[in-house]
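# Report on the structure
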There are 2 protein chains.
Amino acid sequence: MKRLPAGFLPSVALDTGSDVPMYDQLSEWFRRAIIDGRLRPGQRVPSTRSLAKELDISRIPVLSAYEQLFAEGYLETFIGAGTCVARAIPDEVLKPANAAEYASPKHASQSAPRKVAQRVDGLRTPPQTWANNQGAFRVGLPAIDHFPITSWSKFINRHARRPPIEQMVYGDPMGHLPLREAIAEYLGTVRTVRCDASQILITTGSQQGLQICAHALVEPNDPVWMEDPGYPGVRQAFRTVGADIVPVPVDEEGLNVDEGIRRNSHARAVYISPSHQFPLGMTMSAARRLQLLNWAARTGAWIIEDDYDSEYRFGGRPLASLQGMDTDDRVIYVGTFSKVMFPALRVGYIVVPKDLVPAFAAVRDAFDTFSSTLYQAALADFIREGQFARHIRRMRMLYLERRTALLEAIDQYADNRLEVVGTHAGMQLAALLPPGVDDVALSIKVAKKGVSARPLSLCYAEPPKRGGVILGYSGANVHEIREGTRKLVACL
Amino acid sequence: MKRLPAGFLPSVALDTGSDVPMYDQLSEWFRRAIIDGRLRPGQRVPSTRSLAKELDISRIPVLSAYEQLFAEGYLETFIGAGTCVARAIPDEVLKPANAAEYASPKHASQSAPRKVAQRVDGLRTPPQTWANNQGAFRVGLPAIDHFPITSWSKFINRHARRPPIEQMVYGDPMGHLPLREAIAEYLGTVRTVRCDASQILITTGSQQGLQICAHALVEPNDPVWMEDPGYPGVRQAFRTVGADIVPVPVDEEGLNVDEGIRRNSHARAVYISPSHQFPLGMTMSAARRLQLLNWAARTGAWIIEDDYDSEYRFGGRPLASLQGMDTDDRVIYVGTFSKVMFPALRVGYIVVPKDLVPAFAAVRDAFDTFSSTLYQAALADFIREGQFARHIRRMRMLYLERRTALLEAIDQYADNRLEVVGTHAGMQLAALLPPGVDDVALSIKVAKKGVSARPLSLCYAEPPKRGGVILGYSGANVHEIREGTRKLVACL
């Protein structure tokens, strides 16, 4: 071990004007130098006193840096021999002397493969320029500017100001009990869902609800029926667990159960949106519902019922849920508050058959432990004190008005080139395009004019005969709807 | 089709005192009767007028119920023949006449298997009675009563009262940009993490961070190194994707890399907590860190660095992160705010190598779209305006005091029957029990006295020679710590 020549640290550009403290700059320099191989194990380093002198700085930051490097095991000291680079660092792990080149990103990418999991490819979504716009016709966007934010923020404030300790510590993976009770009561009254609070699992939204269902119920390579066309998030969820997705066509009565049985009679699970099919908007008929329940009871399949927006049914009350008709406890009911409240809330729920509750709770716990409590507590009060029901009623009127405006605008501008389907309920409708029109190209074109029109073909597993666009009308005012329709038709 | 005898609805127990509206009770009765087979397809039902008369109620609810049942496809009407049960409902899907028996839960469980996914078994945790208590010695619990809740609630209020529309609609799967910027700056300054905001992915906590890593990087049956003993949540995350977990022992220098290579030299990923190993508390030595980085760069393995509580290092500044030493972009750095702020916040983050950002964003999007925005916006301000750093400083002093109290209490009460390990940092320490003492039995016993002591053996994949308990001291005051220690020792 030879003493380093004085001035062995010329490459340390100590930046006295930097926010990074001097001791940090120094210890970082040492680490780099050791990793890069500029300082070798056993090599002696200057004393704090001489290094401070060398660098013309106070000795205090040098002492701090050395102390840190001792704690981290980069430096060691032994009696009579001063301080040196820890000899425990094996030579072979260090970079060769031409470290700069070795450390370059180009080299890094050549050194070993950078493999991500295969499932990731199935989860990527194409660039969605049509999702960059709000207003007309962003799908799933409620009327944010009509949300009673002042009233809501009072509920937030009530729980944020002096939360009881239980609302700040680790919570139940199933969710905050008062909210679960409020949801069970609401679903029983309004949606004919038969459940009690013990079956309600609070999620961070319906996408997490679908993931929990997939992880709790489906093995890799299990066949799973999915509506075709259907909600792309469902494909993501089932691909995450490596399921074999079996697209089953829908017709005016909803999912074609006979065709599902023909394609795969022993699917492990089936996903449906029976109240208001996404994206085509039909309601599943009673006959099909009973046929599906019967098939599931016979084969042991699970039915995942997604009821993402059925609060908004026009001309009649919300339809009865499939879950409420199920006498064999085969239905898992997935819901969300994103569409009724606002998307950034991230609160949804699953209604779980009683005997499956422990399995679902275990999956939720493994996923992300539990949901943040503040919004759950505020929402429980918002529901119980009647604000939620009032907001739904107001929005139902508003969305009916907006739907009417959209239908009128299509009638006025489209000259029969848009064929509307699925208008009885919800927050969006689908409009079929003239044969031969590429809906993705159209959506990209329209997006450039500030109008969001989601292409229908991306909801299909099997390419559809006719393209179309999904037009959300809930988040746009009548003026935006008229202007949006005009621009959309102009791009046709 | 014969006309039903008058009074065919005797079993409808219309409850006039119920909260459930009359039309709901009626339509629900019809649905049940059709599903149960008491009413058959094509069977005629009374007119609304005669049914109202029969039941001695107003005609209005009967009209509403029928309207609903028409919409749902249970009833149909045809000219000249009145109303009947929809003939489209195929006979074979309905329950046989002895429907009551068929629909019983007992029968249901016999009708078809009720299989959940195999992975669920690996995710279940044993009953943890020791997690029912707060205070001494709940692991991972910060000093909630010292959290600056009044100041924090002002930040909440600032963003809850009049949020810009962007904070209410769908957000970026990577997270709220101002928070990502604040975190990147914080990590760069305090934790020597080298990143910019584009690499920060906001999560709902470190458990979700681990799940996203597992799903983005690991295929089923891929070998993954895990510290033994280690954090049980990590096992849950890797079991979720069906990984083959390879337990790698830790010693006083942290993960034994040589032993890992011996057990499986081509692991796809490795999980480590190098700053403050969970649960034993040692710091990974520089030699081991370099050896691990070198092995990963050579083999293409990913390193998941969990830095769950390194804000709290006593006697010295926080240690440099492994991520900051990595010249091959192999380290994914996982962190959380649950330990510094409060657990119910549910905000954590991942620092993702730049080329992996699209893959991680796709997984997060598929998982649950994005994190709720309110807390993200409030936390960004809380960090930027210096409250966060101030809180950490205050807690570091407080936890040092509590740690000292715990060490003194153990010294005073335990009579050398508890051997303390890992006390340089963090919010908990591990105490080994005398040989032969069953730590799970002890934890259950102590829990009954209101004291939480998490058994060490449950953190092991391979049964340890000696049991122990993990004692969290951050969430308990000095009095609770002394009392807790006394009760713990009394149960020995």
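Residues numbered from 1 in each chain as written. Chains lettered and ligands numbered in written order. Predicted model: local features only at pLDDT ≥ 70, side-chain atom pairs only at ≥ 80, totals over all residues. Heavy atoms only, no water.

For the rest of this paragraph, the subject is the overall build of chain A. The number of helices and strands found in chain A is 17 helices and 15 strands. Its C-alpha atoms give chain A a radius of gyration of 30 Å, clearly above 23 Å, the size a compact globule of 492 residues would have. Counting over 492 residues, chain A shows a buried share of 61%. A fraction of 72% describes how many contacts in chain A between residues 6 or more apart in sequence connect residues 24 or more apart. Carbon and sulfur atoms provide 52% of the accessible area of chain A, an area that totals close to 18400 Å². Across chain A, the 57 positively charged side chains and the 53 negatively charged ones have centroids separated by 4 Å. (Helix = DSSP H or I, 4+ residues; strand = E, 2+ residues; numbered from the N terminus. Rg over C-alpha atoms; globule rule 2.2 N^0.38 Å. Buried < 20%, exposed > 50% of the residue type's maximum accessible area, 1.4 Å probe, protein only. Contact = heavy atoms within 4.5 Å. Areas by Shrake-Rupley, 256 points an atom, 1.4 Å probe, with all protein chains shown as cover. Lys, Arg positive; Asp, Glu negative; His and termini not counted. Charge placed at Lys NZ, Arg CZ, Asp CG, Glu CD.)

Residues and elements named next belong to chain A. The domain boundaries assigned to chain A delineate domain 1 (22-99), domain 2 (129-141 + 391-491) and domain 3 (146-385). With centres defined by C-alpha atoms, the gap from domain 2 to domain 3 works out at 25 Å. Domain 2 puts 30 residues into the contact, and the matching count from domain 3 is 27 residues. Here domain 2 meets domain 3 over a buried area of about 2600 Å², counting both sides, of which 62% is carbon and sulfur. A per-residue breakdown of the area domain 2 buries against domain 3 is headed by His 391, Arg 396 and Cys 459, which together make up 21% of the total. Inspection of the domain 2/domain 3 interface yields one salt bridge. With a closest N to O distance of 2.9 Å, Arg 263 and Glu 462 form a salt bridge. On the surface where domain 2 and domain 3 come into contact, there are 10 residue pairs in polar contact (both at pLDDT 80 or more). (Domains from an automatic or database assignment. Buried area = accessible area lost by both parts, 1.4 Å probe. Salt bridge = Lys/Arg side-chain N within 4 Å of Asp/Glu carboxyl O. Polar contact = N/O pair within 3.5 Å; in protein donor to acceptor, adjacent residues only side chain to side chain.)

The full count for this structure, using the stated rule, is 39 aromatic pairs over all chains. An angle of 75 degrees between the planes, with centres 6.3 Å apart, marks the rings of A:Phe342 and A:Tyr375 as edge-to-face. Taken together, the positions of A:Phe342 in the loop between β10 (331-336) and β11 (348-351) and A:Tyr375 in helix α14 (residues 373-384) put the pair 33 residues apart, joining distant regions of the chain. The exposure classification of A:Phe342 matches that of A:Tyr375, with both residues buried. Geometrically, the ring pair formed by B:Trp152 and B:Phe342 is edge-to-face, given 6.3 Å between the ring centres and 75 degrees between the ring planes. Highlighted residues: B:Trp152 in helix α7 (residues 149-161) and B:Phe342 in the loop between β10 (331-336) and β11 (348-351), separated in sequence by 190 residues. (Phe/Tyr/Trp six-rings, centres within 6.5 Å; stacked < 30°, edge-to-face > 60°.)

Here we come to unusual backbone geometry. Cis geometry marks the peptide bond from B:Ala136 to B:Phe137, where omega comes out at -5 degrees. By the element assignment, B:Phe137 lies in the loop between α6 (119-123) and α7. Backbone torsion omega between B:Asp228 and B:Pro229 reads 0 degrees, so that peptide bond is classified as cis. Structurally, the position occupied by B:Pro229 is in the loop between β5 (223-228) and α10 (232-240). The backbone of A:Asp56 shows a phi angle near 55 degrees, a positive value even though the residue is not glycine. For A:Asp56, the position within the fold is in the loop between α2 (48-55) and α3 (59-72).

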